[in-house]
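Examination of the molecular architecture
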Amino acid sequence: MTEHERTQVIDSSEETRLLTEVWRSPPGFFGWFTHVNQTSIGKRFIITGFVFFVLGGLLAALMRIQLSAPENNFLPPDLYNQIFTMHGITMMFLFAVPIMEGFAIYIVPLMLGTRDMSFPRLNAFGYYVYLIAGVAMYLALFLGMAPAVGWFAYPPLADARYSPGMGVDFYATVITFMEISALAAAVELIATIFKQRAPGMSLNRMPLFVWAVLVMSFMIVFAMPPLMVGSVMLALDRTVGTHFFIPGAGDPLLWQHLFWFFGHPEVYIILIPALGMISDILTTFTQRPVFGYTALVLSLVAIGFIGFGLWVHHMYTTGMPHLASNFFTAASSMVAIPSGVQIFCWLATLWGTRPRFATPLLYVLGFFFIFVIGGLSGVMVASVPFDTQVHDTYFLVAHFHYVLIGGAVFPLFGGLYYWYPKLTGRLMNETLGKVSFWLTFIGFNLTFFPMHYLGLQGMPRRVYTYLEPLGWGDINLFVSLSAGLLALGFLSSFINIFWSLKRGEPAGDNPWHADSLEWGTSSPPPAYNFRHIPVVIERHPLWEYQEGQDIPVVTGIRSDRRELLVTSLLDAHPQYRAVMPGPSVWPLLLAVAVGIGFGGFMFHNIFPVVGFVLSFIALAGWFWPRELTREVREESS
Amino acid sequence: MDLRRLRPVSLVLSVALLSACAGHQSALDPQGPVAERITLFFWIMVSVAGVILALVLVLLVAGQFRGWRQRQHRPLTYIQSRNLVIAAGLVMPVVVLLAFSLSSAATDRVLGKPLPEDALTIEVIGHQWWWEVHYLDNRQNRIVTTANEIHIPVGQPVRLLLKSADVIHSFWVPNLNGKTDLIPGKTNTSWVQADRSGTFRGQCGEFCGLQHARMAFLVEAQPAAEFQAWLDRQKQPAATPADPALARGQEVFLSSQCIMCHSVRGTRAQGRVAPDLTHFGSRQTLAAASVPNSRGHLAGWILNPQSIKPGNFMPPTQLAPDDLSALLDYLHSLR
Ligand code: HEM
Ligand SMILES: [Cu+2]
């Protein structure tokens, strides 16, 4: 039964028919390129993100095969270097950030009780940019010209002189291009969160996931530009011979500052939405409000702020003055305080409750173990002297996988199991879910914990091989076998996703008896999300009302066109109705035009001009006055 | 505190987990004052971290246990929760981190310790993918040049001047000290000291391109007298071979393309872009500690360097078997 039919069975009123009609996305193959609804775009981000996760995981598997024995000949050095670079790029740029944004795009408008994101077409544009960027990177890999300089691409190694060929050009241009997508989503999420909350949902009644997404979005807005500036400078150094990062004329360390001023916050950009997910999942599975709402919000904001002050701890070995470095030790370890507040608020919430140990909660508990270890090793590497020993070794590889996989991937899978019913209308299989959790959890720890030891034993990272007498072979073999177990864990979750799509138990609107508004609409939600905009009078709207009791709603928003309600920034008083644009192919065309401008720059300087002209045409099409525009203008005059 | 008291712990761990080669290139088996302090600090941090991890897990499990045994919710009250968060989430981290930052800075002072003016100074220049090493006298003149193997006297601090000829590398001997980057256009300084004689392996610590994996080196710590003898010998140019077989080898060397890149002091080979070979015969390894410096490996290396270290910048050389054999003899005679 499609959503369409279902709505009609439940409610065949004229209003529903109109809403369905107005918010419908065009069917068919070509229609597919015109979708702008937040639920379609969000799903696309999520699915594409998982595809890149699988690709990145396959690359990791190749690396682990190569490293399973000393002086192995499975991969030649050049290919290995491309593979670890692409693994890093994939996981950081093409998987983690987009998938977090995807969840945000899908869930946040539902949590806020609104009908769409604030700029639906920009939303679609962002997705196409992401897709084009990812496909371009992988094209480079399959053509054997992926960058081989690591995802942080330090010059002078990344300069044209030491990395001839197209690899780093792909890196520099595609990364800049890709960040357009991240920025678009961030700007939109901020606008949506600030201006489209259901009436009554003042800032201090927002679900914690929404808070987290807000902090993440602000961080993106401040962290991405330095990277874009840096990668444009790198592209210019390579293509037109500027000297920003050339020793003597410029400074290679400038790149490291720019890169890490982005790169460090990047880690928190990935982590923070995950923290929001955890708070919400804990609320639901303990069936009580998570303790310390204000403390949690403040610590999210604090983590966001502090995250910008630490970039230098990636550069302790560059010969900085000792006093300055020690300042960054203190600053870096400060992040542990808000993180500690988060952890202990959750522990206080969990204490003495009898939570439902469903798969999402298991992933959250897995997070506790893994993330705390990653955080503790993080404090250790914040120390200047200790970092000089483990920087760029497998100790660090272990540390950041503990933080990234423990801090982002585990909550993400928790979130997937948790929101899957809202995405598809069906629950994921619990038994398989538990099996996959345990496989993932055990596989993860067996894979990454021994890497700490390898690093202390002197194994550098980013080496395609190591010599037999160093004695690292046994542990590396063990690690590689464990990585197989981990892969099996992820695989079983993916099988679960596909299996449950058809055979999962139908979920109903609110299978977990959760508190927030996204569960107040059908699963999956209709294209217009809510027939009437709900009114919120406290922090846990769905717990306020008995089963079956209706939530108070706002009426008076037109159903015969794409309208939603705009509310005031602090306490969400209704302000006015806004009309949203509908399906359009222009976002896709604009993304292609911008892509031509960026991508072509690698080949010839004429392409930016071509791209500019094409973008101009696409923008003209995008903003061409339409029937609706006229209608709105007349109405307001 | 004295690290010696902790050494058994690290030793047991090392031996238990990895018996074959402990100590060869390991931060857990410090052999000099800097690495020693870092390792001590590491063990302290691990212990504190272990306690904190245990605390979190105990709180998690105990809280659950309580709920399930009572067969009903027994949540903390607001006050209890607040106190827990303040004590464990705020006060504890602040105290722990304060202690951490201060002791980290104290440890760091060992790294930044000023060395005596007349300390032995070695200049290390990183190349893709090998190490150029110069010994300096106290007026900063280069007195000895070698490559990929560094000799130091036991028990004396040795100042390092670190530079790069191309991309960023990082100088790292885990048993002696943490890394310091070699950055083009910049001179970084660091120091090492070995308290025992022995051979310690070091490896480039910053990804530097294709053969980053095979950019290693050896540090040979010797008693002062032995070191001085070694240094004196290294100062000498290569002797002109008396043996006609070796003379033939030298002829092969000087008439082939080798001299475009390599130098052997005392001959007209004055190439600067590849390792100095003046005392090559006394080195233990080839190609930045990639393979032992045996006759077979050396022959393979000269005929086809790419087969040993794909991507390195030495071109292959075609030689008649007799010429090759004479050349090998000659090179290994350069002691
Ligand atoms: C699927 C399980 C994973 C495995 C088995 C794995 C394994 C590895 C390995 C072997 C390396 C190379 C280390 C080196 O040579 O220096 C690596 C690097 C890296 N991984 Fe993963 N990884 C996994 C998942 C992830 C995830 C989920 C993320 C991020 C969200 C991630 C981020 C990175 C980054 C940023 C690097 C550094 C790349 C570079 O040096 O340029 N990995 N990983
Ligand atoms: Cu190097």
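Overview of the structure. Remember, it's a predicted structure, so these values are computed and weren't measured experimentally. (Residues numbered from 1 in each chain as written. Chains lettered and ligands numbered in written order. Predicted model: local features only at pLDDT ≥ 70, side-chain atom pairs only at ≥ 80, totals over all residues. Heavy atoms only, no water.)

All names here are of chain A. Taken together, 24 residues lie around ligand 1, and His87, Trp151, His401, Arg461 and Arg462 are the ones closest in. Between histidine 401 and ligand 1, the recorded distance is 2.8 Å, taken from a side-chain N or O atom to a nitrogen atom. Between arginine 462 and ligand 1, the recorded distance is 2.7 Å, taken from a backbone N or O atom to an oxygen atom. Sorting the residues of the shell around ligand 1 by element identifies helix H4 (38-67), helix H5 (77-112), helix H15 (394-424) and helix H17 (473-503) as the ones contributing at least two each. Looking at which element gives the most residues to the shell around ligand 1, the answer is H15, with seven residues. Of the residues contributing to the shell around ligand 1, the split by class is 17 nonpolar, four polar and three charged. (Near = heavy atom within 4 Å. Polar contact = N/O pair within 3.5 Å; in protein donor to acceptor, adjacent residues only side chain to side chain. Helix = DSSP H or I, 4+ residues; strand = E, 2+ residues; numbered from the N terminus. Nonpolar A, V, L, I, M, F, W, Y, C, P; charged D, E, K, R; others polar.)

Our focus in this paragraph is unusual backbone geometry. Residues A:Pro155 and A:Pro156 are joined by a peptide bond in cis, for which omega reads 0°. With respect to the helices and strands, A:Pro156 occurs in the loop between helix H6 (120-142) and helix H7 (167-195). Cis geometry is found at the peptide bond from B:Gln128 to B:Trp129, where omega equals -5°. Here B:Trp129 lies in the loop between strand S1 (120-127) and strand S2 (130-136). Of note in the backbone geometry, B:Ala288 takes a positive phi value of approximately 55° without being a glycine. With respect to the helices, strands and loops of the structure, B:Ala288 is situated in the loop between strand S11 (285-286) and strand S12 (291-292). Classification of B:Ala288 as buried rests on a relative accessible area of 1%. (Buried < 20%, exposed > 50% of the residue type's maximum accessible area, 1.4 Å probe, protein only.)

Residue and element names in this part refer to chain A. Together, Val592, Ile596, Ile606, Val609, Val610, Phe612, Val613, Leu614, Phe616 and Ile617 line one region of the surface with nonpolar side chains, adding up to about 860 Å² of accessible area. At the level of elements, helix H19 (586-600) and helix H20 (606-623) are the ones that each hand at least two residues to the nonpolar patch. The element contributing the most residues to the nonpolar patch is H20, with eight residues. (Patch = residues over 30% accessible without salt bridge, like charges linked within 9 Å, V, L, I, M, F, W, Y side chains within 5 Å. Areas by Shrake-Rupley, 256 points an atom, 1.4 Å probe, with all protein chains shown as cover. Salt bridge = Lys/Arg side-chain N within 4 Å of Asp/Glu carboxyl O.)

All names here are of chain B. The protein atoms donating to the copper ion (ligand 2) are His169 (ND1), Cys204 (SG), Cys208 (SG) and Met215 (SD), with metal-donor distances spanning 2.1 to 2.5 Å. Considering all four donor atoms around the copper ion (ligand 2), the spread of angles at the metal, 90 to 127°, places the coordination shape in the tetrahedral class. Taken in sequence order, the residues that donate to the copper ion (ligand 2) follow the motif H-x34-C-x3-C-x6-M. Pair noted here: histidine 169 is in strand S6 (residues 169-173) and methionine 215 is in the loop between strand S9 (198-203) and strand S10 (216-222), with a separation of 46 residues, a long-range link. Here histidine 169 matches methionine 215 in class, with each residue buried. (Donors = N, O, S within 2.8 Å, 3.2 Å for Na, K, Ca; no water. Tetrahedral: all angles 85-135°; square planar, octahedral: opposite > 155°, others 65-115°.)

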